[in-house]
Each structure stands twice: as C-alpha cells, then as structure tokens.
Amino acid sequence: MFGWEFPPAISGGLGTACFGMTKALAQRGHRITFVMPVLPEPGHQSHVTLVAASAFAETAGPPAGITVRPVESPLRPYMAPPDYGRLEESLLASPGPYGPDLFSELERYAQAAGLIARRVPFDVIHAHEWLSVPAALRARSVSGRPVVLHVHALEFDRSGGAADARIVAIERLGLLEADRVIAVSHFTKRAIVERYGIDPGKIRVVHNAVSRSEAARSTGGSKPFSGKIVLFLGRITHQKGPGVFVEAAARVLRVLPDVTFVMAGSGDLMPQMIERVAELGLGSRFLFTGFLRGEEVERMYAASDLYVMPSVSEPFGIAPLEAMRSDVPVILSRQSGVAELLHHALQVDFRDVDDLAGKICAVLTYEALAREMVERSREELAGITWDRAARQIEEVYEQVTGNR
C-alpha cells in the first residue's frame, strides 16, 4: 500500500482514513506493507509493516548513477496550490537528493517503489491519491501485480477551480491505468466519471468510517469559557468553506451575542480569515487555535456544542463523524460525500449563509433539537464501521486478483 500519511504523521483526513481501513483489513487477516517516504517516528508500533521508501532505497541499493539518502519529504497529500511555490523553493534550498520541484520528488519516490516491489512479496498494489500514482505504476511494471487507486479527493476539489494541469495529468493517468478505482463517495465517483470520462463500472464506492476510540469519552467536556461553542475544524482553504463560516458567525452573533466561534486548523486562507473577522468586529467572540492533533482534537470536540462543515466541495469528510462520536450535533454541506450517510445531521448548501446561520441558531437555542440530533447520530454511527469498508475493499481485491 502506497500513501503519504500514517499516524502519528498526519496533516489531514487521509492519514486517519489509512489508519482505520488498514487496521480493519489487518483484523480480517490481511498482511499490509505500507510504503511512505519516511517513517512517522523511530520505533513506532503499528498493525501494519511500515516501510520508509528513502531508507529502503538506500539499503537495497539505488539504480546505477543515482545516489539516494534517507531524507524527510516535505510533500503532503492535501497541499494547497499556493504552497507549491514555497515547496519548490524549500526543495532547492534543502540538502539531499531532492529534484528541482514537487514532481521530481514524486519520481524519486517511484524509483524507491520499484526497488521495494522487487523484494517485498504482495498480491495487490493499493495506492492512495495522485501523489502515489507514479510509485504504484512503477511497482506494477516490476511485479505485474494489479493496481487499485483509492481516490480521497480530486485536484478540482482541492484547488477551488484553479487546478494544476500537471496534477490533473497524473490523476488522469492513474485513473486510466488502474485496474480498479475506489472512490470515497458517490459524489467523488460522479466527479471522476464527468471530469475524466472513466467507465463507472470500473469504480467502486467505499465510504470512510470512524474508529471507535475511547478518547472522546475520556478527555472530558470542560470548556475554557462560558457560553456555547461552535466549531470549524479542518484545513483553512477554499475547499473547506471557512469564509462561509465567518460570515454565518457574524449573522448568528447579532442574535446570540454570547456564542464563541472557533476555527481550528491551518491553511493558506488563514490570514484572510483573521482579517475578515477583524473587519466584522468579531474578535472577542472568535478564536483561531492553529493546527490541532491527537488529544487536542478530541478535547476540542468535547468542549464544543456544535460542529459545522460548510465545505464547497468535500469528497467525503471524516470530521463530522469524529464530532458525532463525541456527541456533538453536526451541520454539514450538501456538497459532501459524508452527507450520503448522515440523515440526521442538518444539511445546507454551502452558498446559503443565511440558512447556515439560521440552523446554527436553532441548534444552540432548542436543546430538544440538539439532543435528538445526538441520539439519532449515535444510531447512524453504529452502522458506519471500518470493518464494513474493509469487507468492500476485500471484494475489490478479489476482483483484480481473481481470488474469491
């Protein structure tokens, strides 16, 4: 399995999803070698065999004429387009065998993947996202094993309309060449078919899930201050709709002045959001936490009275499930894959700021509504499991290998 995130080294939902699905697959008897640029941390214990591509390449011996040292890769699966230039500058300035840009780094990862494929036994190549496409195809050329491409998001989702043509080309190549494609939602499957012309019969929808962690119950629900808390937790990028959240907050605070809005995360639009909050005079009722991880995330959910995901284009969206696991009512965008599963979360069109503000006020004002949403969410979560997803992934493996 090729991917760029695995706990504790995560920067978005991809790492959480990879952990959940691989754990469920391992529990069903599968042996998984997860190949990533470098290991999360020395000695990290996991249910999968983690292989650092850079270290493996060094010990196995690189191809003639290429010198490879184990180096920390700066690539991230959800990097926003405005960061690409800074990434390329850092690659050029950093010591080590980096290529001149992001795409040369992908080629270096693919070279290591070819070496690994010659020495590690496996039946299926399972690749996550476009960043893993060159590595997966190189591994197939060496081994002859089938490739399953798992699409968690498309470049069109991440870029907000300013898609990078080079990334689109890699996505197209991966979708055309893969033996099967897994999409995280019907929302994403439709986008793959419409934008890339892929045969819908080649695509299997496998919804993500949420792990049954006890962390949400053990962190407690103490709040840093009095009053209701409305939470936005995610990357502060165009895709996630942070501007809609800020505008809705302004409308809510005219009616409910004691509510506190929290924007947890980081991203290229964070400075713009801070400026807009200041322009609207919301500074005393608006908090920016920066990027949160691990128990910090669980504590933030536990302290919140409502979670809002106003995404412009969300292929799935695990965060609402995490919030529901913490017994937090959820309002989410209809333009999201997770909306296909959640029938008792309130839904809004991301463009409709007034509707979002009205539903926030309703949940915070009517306790009976909030309690009903929590109770129904518990029932829905019972059927949204990684074991269910793992069984569906197994069926895809059986199709490409012919083993039933």
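That block above? That's the structure.
Sequence order as written defines residue numbering, which begins from 1 separately in each chain. Per-residue local features are limited, in this predicted model, to residues with pLDDT of at least 70; the limit for side-chain atom pairs, both in listing and counting, is 80 or more; totals at the level of whole chains, interfaces and linings are taken over all residues. In computing side-chain properties, one takes all heavy atoms of the structure into account and sets aside hydrogens as well as water.

(A) View of the environment of S284. As for its placement among the helices and strands, S284 is situated in the loop between α11 (270-279) and β9 (286-290). Type-normalised accessible area, obtained with a 1.4 Å probe on protein chains alone, sets the label of each residue: buried when under 20%, exposed when over 50%, and partly exposed for intermediate values. S284 sits in the exposed class, given a relative accessible area of 66%. A sequence separation of 26 residues divides S284 from D258, and the C-alpha atoms of the two residues are 10.0 Å apart. We count a stretch as a helix when DSSP gives it H or I for four or more residues in a row; a strand needs E for two or more, and each element gets its number in order from the N terminus.

(B) Layout of the packing of aromatic side chains. Each Phe, Tyr or Trp ring (for Trp, its six-membered ring) is paired with any other whose centre lies within 6.5 Å, and the angle between the two planes then decides the class: stacked below 30 degrees, edge-to-face above 60, tilted in between. Scanning the entire structure with this criterion turns up eight aromatic pairs. Seen in terms of ring centroids, F261 and F286 are 6.3 Å apart; in terms of plane orientation they differ by 15 degrees. Their pairing is stacked. Here the residue F261 occupies a position in strand β8 (residues 260-264), and F286 occupies one in strand β9, the gap between them amounting to 25 residues. A relative accessible area of 0% places F261 in the buried class. Residue classification places F286 among the buried positions, given a relative accessible area of 8%. Aromatic side chains F286 and F288 sit 5.2 Å apart centroid to centroid with 35 degrees between the ring planes, which places their arrangement in the tilted category. The partly exposed category is assigned to F288, whose relative accessible area is 21%. Among the aromatic residues, ring-to-ring pairing joins F232, F245, F261, F286 and F288 into one connected group. Note that R195 overlies the ring of F156, its terminal NZ or CZ placed 4.1 Å from the centroid. Whether a charge lies above a ring is judged from NZ of Lys or CZ of Arg, which has to be within 6 Å of the ring centre and within 35 degrees of the ring normal.

(C) Summary view of the nonpolar core. Residues grouped as a nonpolar core are buried Ala, Val, Leu, Ile, Met, Phe, Trp, Tyr and Cys residues, joined through side-chain atoms within 4.5 Å. By size, the foremost hydrophobic cluster in this structure holds 53 residues, and its most contacted members are L231, Y301, Y307, L321, L332, L342 and W386. Of all the elements, helix α16 (residues 386-401) adds the most residues to this core, at seven residues. Counting 36 residues, the second-largest nonpolar core is a separate cluster that includes I125, A136, L137 and Y196.

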